[in-house]
Amino acid sequence: MFKYIHSTADFALEHYVAVTTEGESAGVEQIFATDFSQKVQASNAQTHSRSALIKSLKKQKGEKLNCTVTSDIIQESADYMVAKVTLKFEDFTKTDLVTLECVGNEWKVSKSINSYK
């Protein structure tokens, strides 16, 4: 049985990136906070719940996105981090602002805001 333990915010961010871009599905339930929400800023703005995103990510198991991924930490403290994850595709760029929080001794992704250009 796979037991996922978040040791640092950086490790949690790396795992989030692997789950959302490389089709990694191990530990997907553990990475998201119970009150997680995702907003997609587009012409038809959407909001996704934790369960809807997990279901979608599990369907993408093993699928790698054809893009270049970079991540930059915008702000961090002992129990909070905001990171910008940029996915450059051939025809567009997706920017994902990710908020991570330390809950107890585990880092969880609590919010994600996506925009496209």
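Just so we're clear, the structure is a prediction, and the values are computed from it rather than from any experiment.

Cut-offs applied
Residue positions are counted from 1 within each chain, in the order its sequence is given. Reporting of local features is limited, given that this is a predicted model, to residues whose pLDDT is at least 70; pairs of side-chain atoms are given and counted only at 80 or more, and all residues count toward the totals for whole chains, interfaces and linings. Each side-chain value is worked out from all heavy atoms of the structure, with water and hydrogens disregarded. Strands here mean DSSP runs of E at least two residues long; helices mean DSSP runs of H or I at least four residues long; both are numbered from the N terminus. N or O atoms closer than or at 3.5 Å make up a polar contact, with two conditions inside protein: a donor-capable atom paired with an acceptor-capable one, and, for residues adjacent in sequence, both atoms drawn from side chains. Between two residues, a contact is recorded if the distance between any of their heavy atoms is within 4.5 Å. What counts as a salt bridge is simple: a side-chain nitrogen of Lys or Arg found within 4 Å of a carboxyl oxygen of Asp or Glu. Per-residue accessibility, obtained with a 1.4 Å probe over protein chains only, is compared with the maximum for each type, and a residue is labelled buried under 20%, exposed over 50%, and partly exposed between these values.

A.B. asks: Looking at this model, I keep getting lost on the side chain of T20. Mind explaining?
C.D. replies: Looking at the element boundaries, T20 is found in helix α1 (residues 9-21). Among the polar contacts made by the side chain of T20, one reaches the main-chain carbonyl oxygen of Y16 at a distance of 2.9 Å. Non-local contacts of T20, meaning those with residues more than four positions away in its chain, are made with L57 and L65.

A.B. asks: Mind showing me how you'd approach the pattern of salt bridges here?
C.D. replies: Pairing is possible between side chains that carry opposite charge, provided their charged atoms lie close to one another. The final tally for this structure, using the stated rule, is 2 salt bridges. Between E29 and K58 there is a salt bridge, and its shortest N-O distance comes to 2.3 Å. Of this pair, E29 sits in helix α2 (residues 28-31) while K58 is found in helix α3 (residues 50-59), placing the two residues 29 residues apart along the sequence. Overall, the relative accessible area of 41% leaves K58 in the partly exposed class. E106 is the salt-bridge partner of K108, the closest N and O atoms lying 3.4 Å from each other. You can call E106 partly exposed: its relative accessible area is 23%.

Fair warning: the whole summary comes from geometry, so function is off the table for now.
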